[in-house]
Amino acid sequence: MKPLLWQHAPNDVGERLYRLAEELFPIIRSITGQGVRDSLGIIDALTPVDVHSIPTGTQVFDWVVPDEWNLRRAYIEDSAGHRIVDSINSSLHVVSYSTPVNATVSLDELRQHLHTLPEHPEWIPYRTSYYRRTWGFCLSHQQYENLTDQRYRVTIDATLAPGVLNYGEAVIAGETNDEVLISAHICHPSLCNDNLSGITIAAWLARLLRQRTPRYTYRILFAPGTIGTIAWLATHRDSIPRIKHGLVVALLGRPAPLTYKRTRSGTAEIDNVVSYVLSSRASNDVVIDFSPWGYDERQYNSPGIAANVGRLTRAAEEGYPEYHTSADNLDLITPEALADALQTLCAVIDILEGNDRYRNLLPYGEPHLGKYGLYNDLGGASSVETAKLALLWVLNQSDGASSLLDIAQRSGLPFADVQFAASRLEGAGLLERMRAAY
Ligand code: ZN
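Here the structure is a predicted model, which means the values were calculated and not measured.

**Quick notes on the overall build of the chain**
The secondary structure content of the chain amounts to 12 helices and 19 strands. Its C-alpha atoms give the chain principal-axis dimensions of roughly 95 × 40 × 35 Å. Relative to its full complement of 438 residues, the chain shows a buried share of 57%. For the chain, long-range pairs separated by at least 24 residues make up 80% of all intrachain contacts whose partners lie at least 6 apart in sequence. Approximately 18,300 Å² of the chain is accessible, and the part contributed by carbon and sulfur atoms is 47%. With 38 positive and 50 negative side-chain charges, the chain shows a separation of 5 Å between the mean positions of the two kinds.

**Here we look at the layout of surface pockets**
The calculated volume of the second largest pocket comes to roughly 660 Å³. Around the second largest pocket, the lining is made up of 28 residues, and of these His-188, Gly-294, Arg-298, Tyr-323 and His-324 lie nearest the centre. For the lining of the second largest pocket, the residue count by class is 13 nonpolar, nine polar and six charged.

**Looking at the coordination of the zinc ion**
Under perfect tetrahedral coordination by four donors, a metal shows angles of 109.5 degrees; under perfect octahedral coordination by six donors, it shows angles of 90 or 180 degrees. Every protein donor of the zinc ion is accounted for by His-188 (NE2), Asp-194 (OD) and His-324 (NE2), and the metal-donor separations fall at 2.0 to 2.1 Å. Positions of the donor residues of the zinc ion along the chain correspond to the pattern H-x5-D-x129-H. In this pair, Asp-194 sits in helix α5 (residues 192-209) while His-324 sits in the loop between β16 (309-313) and α9 (335-354), placing the two residues 130 residues apart along the sequence. Judged by relative accessible area, Asp-194 falls into the buried class, the value being 0%.

**Digging into α5**
Across its 18 residues, α5 extends 24 Å between first and last C-alpha, which sits within 8% of the 26 Å expected from 1.5 Å per residue. Summarising burial for α5: 17 of the 18 residues are buried, a large majority.

**Some remarks on the sheet that holds strand β1 (residues 50-55)**
A sheet is described by the order of its strands in space; here eight strands give the open sequence β1-β10-β12-β11-β13-β16-β14-β15, paired in mixed fashion. Strands at the two margins of the open sheet, each flanked by one partner only, are β1 and β15 (286-288). Pairs of neighbouring strands in the sheet enclose a mean axial angle of 20 degrees, with direction left out of account. Across five bridges, the pairing between strand β10 (residues 164-172) and strand β12 (residues 217-223) is antiparallel. Looking at the pairing, Gly-168 lines up with Phe-222 of β12. Here α5 sits on the sheet and contacts β10, β11 (179-185), β12 and β13 (243-249); the angle it forms with β11, its principal contact strand, is near 150 degrees. Strands β11, β12, β13 and β16 of the sheet are contacted by α9, whose axis makes an angle of about 175 degrees with β13.

**Structural notes on the environment of His-324**
Counting along the chain gives 308 residues from His-324 to Arg-16, while the straight-line C-alpha distance between them is 24 Å. Among residues more than four places away in sequence, those in contact with His-324 are Pro-125, Tyr-126, His-188, Leu-191 and Asp-194. At 3.0 Å, the side chain of His-324 forms a polar contact with the side chain of Asp-194.

**Remarks on the pairing of β13**
Where a strand is regular, its side chains alternate between the two sheet faces. In terms of burial, β13 is largely enclosed, as six of its seven residues are buried. Relative to β13, β11 runs parallel, the two sharing five bridges. Directly across from Ile-182, in β13, lies its bridge partner Leu-247. Here four bridges tie β13 to β16, and the two strands are oriented parallel to one another. From the neighbouring strand, Gly-246 faces β16, where its bridge partner is Val-309.

**With respect to the packing of helix α7 (residues 269-279) against α9**
Orientation of α7 relative to α9, taken along the N-to-C sense of each, is 130 degrees, at an axis distance of 9 Å. If you check the angle between α7 and α9, you find them oblique. In terms of crossing hand, the pair formed by α7 and α9 is right-handed. For the pair formed by α7 and α9, the contact residues are Glu-269, Ile-270, Val-273, Val-274, Tyr-276, Val-277 and Leu-278 on the first element and Thr-344, Ala-347, Val-348, Ile-351 and Leu-352 on the second.

**Looking at unusual backbone geometry**
Here the amide bond leading from Asp-194 into Asn-195 is cis, since omega sits at 25 degrees, within 30 degrees of zero. Look at His-324: it is not a glycine, yet its phi comes out positive at around 55 degrees.

**Thoughts on the nonpolar core**
Soluble, globular proteins show a tendency: their nonpolar side chains are buried together. Among the nonpolar cores identified, the biggest contains 81 residues, and Leu-205, Ile-220, Phe-222, Leu-247 and Leu-425 are the most heavily contacted of them. Here this core gets 11 residues from one element, more than from any other, and that element is α5. Those residues in contact with Leu-425 that lie beyond four places of it in its chain are Leu-369, Leu-374, Leu-391, Val-394, Leu-395, Leu-430 and Leu-431. Counting 50 residues, the second-largest nonpolar core is a separate cluster that includes Ala-74, Ile-227, Ile-243 and Val-309.

**Description of the environment of Ala-234**
Mapped onto the elements of the fold, Ala-234 is located in helix α6 (residues 227-235). Separated by 190 residues in sequence, Ala-234 and Arg-424 place their C-alpha atoms 45 Å apart.

Rules of the game
Residues numbered from 1 in each chain as written. Predicted model: local features only at pLDDT ≥ 70, side-chain atom pairs only at ≥ 80, totals over all residues. Heavy atoms only, no water. Helix = DSSP H or I, 4+ residues; strand = E, 2+ residues; numbered from the N terminus. Buried < 20%, exposed > 50% of the residue type's maximum accessible area, 1.4 Å probe, protein only. Contact = heavy atoms within 4.5 Å. Areas by Shrake-Rupley, 256 points an atom, 1.4 Å probe, with all protein chains shown as cover. Lys, Arg positive; Asp, Glu negative; His and termini not counted. Charge placed at Lys NZ, Arg CZ, Asp CG, Glu CD. 1 Å grid on protein atoms, 1.4 Å probe; cavity = no way out; pocket = protein on both sides within 12 Å on 5 of 7 lines; lining within 4 Å. Points joined across faces, edges and corners; volume = space filled by probe spheres on them. Nonpolar A, V, L, I, M, F, W, Y, C, P; charged D, E, K, R; others polar. Donors = N, O, S within 2.8 Å, 3.2 Å for Na, K, Ca; no water. Expected span 1.5 Å × (residues − 1). Pairing = 2+ DSSP bridges. Axes fitted to C-alpha atoms, helices over the stretch in contact; angles between N-to-C directions. Polar contact = N/O pair within 3.5 Å; in protein donor to acceptor, adjacent residues only side chain to side chain. Parallel < 35°, antiparallel > 145°, perpendicular 65-115°, else oblique. Left-handed = near helix turned anticlockwise from the far one by under 90°. Core = buried A, V, L, I, M, F, W, Y, C linked by side-chain atoms within 4.5 Å.

This is how it looks when you write it as structure tokens:
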């Protein structure tokens, strides 16, 4: 049997995930622009990522790739020339996709372009205006209440012009062309749980997968939310049927129970595998049904795509007060939560990789197991009784239709014990592994 994927992770992987989030945190990211390229460059230093470009104006299904947005600096100056709001302090201060502006405006006019959170007066909100041309600043409500001058100078030094949309892919070739897709959005500026946690975990997963040759081919996709995923789907029509299992990963850095959101069908193998892994953990993890709201699972589960892509998060979107605010920062996420999520993903992948179906080659009564030495050498299973039971369950259920996960669930035995029993029975010539229907 192959070593467990998690065994390739260094002991301090939680700290390393966190440090990667620290490195990515200050970058001004949006759905396009230099910030996405810089972020993909940092990921590429950890594990190779191919960066692709789709030009502005490209029709992608019902959408059009927008102009590229690049922000250099933005600030509001009071009448004494003090920069009271400055993008150098937080990339959240500027509404993403703001049009350039350089003007002196009245306080009344300025207020029409300001966004605050009165219920959390110290936090800066995160706002975007991708498809409606406007400009704006986000600031704490405390800053807002200190605006008493009658006139302010506003500067947004940005360009909004034809360019490209970028996405990155780490493809780890496996023994088959069938793919497992792991998808993380990469369009949020200085926000940690949403979405640096997903980016860092996906990047580390790619790095771990490269330590071995997996059965499936893995495609780790770093794309801007919605438009990036739609652009990828529209330009990879041939790849879509090869996606056998997939997960959108996001919101994984905060100490909170994991939440798995099922695929549109709710009965895909990935649904069973992740539900099983979560149910095996001593935690309050939850499994919820699909809904056409949330992250890029919306695109993968649209009826014309219908890929088996679920979603792994902790609290679901808007399920925590810091969501889309400056309080979703490096203080909100922990190395432990990041590592725990990565470890859970490794467990999911281990089962996907090993979830074979077998046929019992001596199905007439029980085989005389003592003859094959199968009652000796039971090392590896969690107990002798479990090991014996696992042999009998695997023999009984191996009709070519039941997967090892089906057998684990029906028997209540750990998947690893069932898998170990199957490998021993196969080694003794009592089982034949079914060729997957690739
Ligand atoms: Zn978000």
